[in-house]
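These are the residues of each chain, in order.
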Amino acid sequence: MKKQICLLAFLCLVIFPLSLFAQERATPRRGEGISTFLERHHRSGMRYQKSFIELNRKKLGKNETLKLGVSYVLPPLREKQRSDVQSDASSTKARSKKTTFNEPLFGKALAHVKPTSTRLSNACFYVVSGHGGPDPGAIGKVGNRELHEDEYAYDIALRLARNLMLEGAEVRIIIQDAKDGIRDEPYLSNSKRETCMGDAIPLNQVKRLQQRCDKINAHYRVDRKQYRYCRAIFIHVDSRSKKQQTDVFFYHSTQKADSKRLANTMKDTFESKYDKHQPNRGFSGTVSGRNLFVLSHARPTSVFVELGNIQNSFDQQRFVMSSNRQALAKWLTEGFLKDAAQ
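Attention here is on the structure that accompanies the text.

Parameters and conventions
- Residues numbered from 1 in each chain as written.
- Predicted model: local features only at pLDDT ≥ 70, side-chain atom pairs only at ≥ 80, totals over all residues.
- Heavy atoms only, no water.
- Helix = DSSP H or I, 4+ residues; strand = E, 2+ residues; numbered from the N terminus.
- Buried < 20%, exposed > 50% of the residue type's maximum accessible area, 1.4 Å probe, protein only.
- Contact = heavy atoms within 4.5 Å.
- Areas by Shrake-Rupley, 256 points an atom, 1.4 Å probe, with all protein chains shown as cover.
- Disulfide = S-S within 2.5 Å.
- Expected span 1.5 Å × (residues − 1).
- Pairing = 2+ DSSP bridges.
- Axes fitted to C-alpha atoms, helices over the stretch in contact; angles between N-to-C directions.
- Polar contact = N/O pair within 3.5 Å; in protein donor to acceptor, adjacent residues only side chain to side chain.

### Re the overall build of the chain
Then comes step 1: What the chain contains, in helices and strands, is 10 helices and 15 strands.
Then comes step 2: Buried positions account for 47% of the 342 residues belonging to the chain.
Then comes step 3: A fraction of 73% describes how many contacts in the chain between residues 6 or more apart in sequence connect residues 24 or more apart.
Then comes step 4: Surface exposure of the chain reaches about 17,500 Å², of which carbon and sulfur atoms provide 53%.

### With respect to the state of the cysteines
Then comes step 1: If you walk through the whole model with that rule in mind, you get zero disulfides.
Then comes step 2: Cysteine C213 shares no disulfide, and the gap to the nearest cysteine sulfur, in C196, comes to 9.2 Å.
Then comes step 3: For C213, a relative accessible area of 0% puts it in the buried group.

### Quick notes on helix α5 (residues 149-166)
The periodicity of an α-helix, 3.6 residues per turn, causes residues three or four positions apart to be oriented the same way.
Then comes step 1: Over its 18 residues, α5 runs 26 Å from end to end, which matches the ideal 26 Å to within 8%, given 1.5 Å per residue.
Then comes step 2: Judged by how many residues are buried, α5 sits mostly within the fold: 17 of 18 residues are covered.
Then comes step 3: A positive backbone phi angle near 95 degrees is found at G168, which sits one or two residues after α5.

### Examining unusual backbone geometry
Then comes step 1: Of note in this structure, H42 is not a glycine but carries a positive phi near 65 degrees.
Then comes step 2: Within the secondary structure, H42 sits in the loop between α2 (34-40) and α3 (46-56).
Then comes step 3: One non-glycine residue with positive phi stands out, namely M197, at about 50 degrees.
Then comes step 4: When you line up the elements, M197 lands in the loop between β10 (195-196) and β11 (199-200).
Then comes step 5: A residue is classified by how much of its surface remains accessible, and M197, at 24% relative accessible area, is partly exposed.

### Structural notes on the pairing of strand β13 (residues 249-252)
Then comes step 1: Residues of β13 alternate between two faces, with F249 and Y251 on one and F250 and H252 on the opposite face, all of them buried.
Then comes step 2: Note that β13 and strand β15 (residues 301-309) share four bridges and pair antiparallel. Paired with Y251 across the bridge in β15 is F304.
Then comes step 3: For β13 and strand β14 (residues 287-289), the ladder comprises three bridges, and the chain directions are parallel. Paired with F250 across the two strands is V287, which belongs to β14.

### Quick look at the sheet that holds β13
Then comes step 1: Reading across the sheet, the six strands line up as β8-β5-β12-β15-β13-β14 and stay open at both edges, with mixed pairing between neighbours. The sheet is open, and its two edges are formed by β8 (170-173) and β14, each paired on a single side. Between one strand axis and the next, the sheet turns through 25 degrees on average, direction left out of account.
Then comes step 2: The strands touched by helix α9 (residues 313-320) are β12 (229-238) and β15; relative to β15, the strand with the most contacts, the crossing angle is about 120 degrees.

### Examining α9
Then comes step 1: All of the buried residues in α9 are D315, Q316, R318, F319 and V320.
Then comes step 2: The N-cap residue of α9 is N312: its side-chain oxygen and the backbone nitrogen of F314 are 2.9 Å apart.

### Digging into the environment of T246
Then comes step 1: In this structure, T246 sits in the loop between β12 and β13.
Then comes step 2: The class of T246 is buried, set by a relative accessible area of 3%.
Then comes step 3: Taking the C-alpha atoms as reference points, T246 and F314, separated by 68 residues in sequence, lie 9.0 Å from one another.
Then comes step 4: Those residues in contact with T246 that lie beyond four places of it in its chain are R240, G308, N309, D315 and R318.
Then comes step 5: A distance of 3.3 Å separates a polar side-chain atom of T246 from the backbone nitrogen of N309.

### Side note on the sheet that holds strand β9 (residues 175-176)
Then comes step 1: The three strands lie next to each other as β9-β10-β11, forming an open sheet whose pairing is antiparallel. Edge strands, defined here as strands with exactly one partner in the open sheet, are β9 and β11.
Then comes step 2: Examined bridge by bridge, β10 and β11 share two bridges and lie antiparallel to one another. Its bridge partner being in β11, C196 is matched across the sheet by D199.

And the structure:
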């Protein structure tokens with residue numbers, strides 16, 4: 001009798017914890033499909049997807065879609081993934097102890113960054129300013145001064161990167177200029193010094209875009225194992241008729257629901273800021289899906305931003321005033337914060 005009781009107790013200790021682990025549950029975020037949902041929970045690949053569908057077939061929507069607010073059973077992690085998750089947790093704990101960043105690209109006065117919060121301590125960003133090197137991008141004029149797209153996009157990109165670091169995030173600055181730093185003067189000097197993380201930027205457009213996607217993807221292969229939220233942003237300035245004043249436009253991948261959600265969150269953030277700071281003006285910026293090269297070839301969820309018309313005299317104030325460049329960076333940061341919290 002005692003042997004039977006001991007055997008029963010042993011089986012309870014072994015089987016019960018395993019059954020608890022096997023019944024791990026989670027609810028999807030808005031816009032997530034099964035593959036993205038499982039990837040977020042460290043379960044990538046068709047084996048996990050097939051197992052997930054079998055476990056939750058009666059709870060899935062039409063065409064095996066996820067329903068908001070529904071708690072789904074997650075397939076048990078295989079031993080290797082379980083070890084990776086534990087390693088990720090250790091890495092996250094170690095990152096949370098990081099109290100300062102040092103980024104010389106910001107310039108000597110701003111290189112030291114002491115985070116003021118940990119809201120993005122488990123996030124990694126790839127910040128990409130448009131054009132650079134041999135390609136200045138769009139060119140506007142104020143009197144006899146030329147405004148080059150790559151210089152203003154780069155300054156806003158640096159400001160965004162620093163803001164994200166202040167929130168505790170890891171940031172990869174893809175396009176770099178070792179000399180410029182964050183600049184407060186209205187008319188930014190033009191140069192061809194920019195590199196793609198140290199490599200010369202090709203003049204050929206496809207090679208140029210492929211180069212920055214390759215850099216992002218190489219980092220992402222490692223980062224996605226350490227950070228739960230990885231996002232890329234491509235920052236550009238538009239060029240249209242001088243008479244056409246425009247607001248900020250957001251483009252998302254046509255293949256990724258998370259990309260569309262991010263673009264809409266950014267747009268909503270900017271709209272609320274305009275309502276607050278320019279209540280009588282309104283906001284006419286839009287969100288649309290585009291099959292742009294970088295959105296298709298960069299593996300992390302991405303958003304492409306056009307910040308205004310560099311030819312229009314009103315929009316030019318958005319770029320030449322350093323306080324406006326800082327505001328753009330601040331609002332983009334707030335958009336990421338809202339998206340990461342969803």
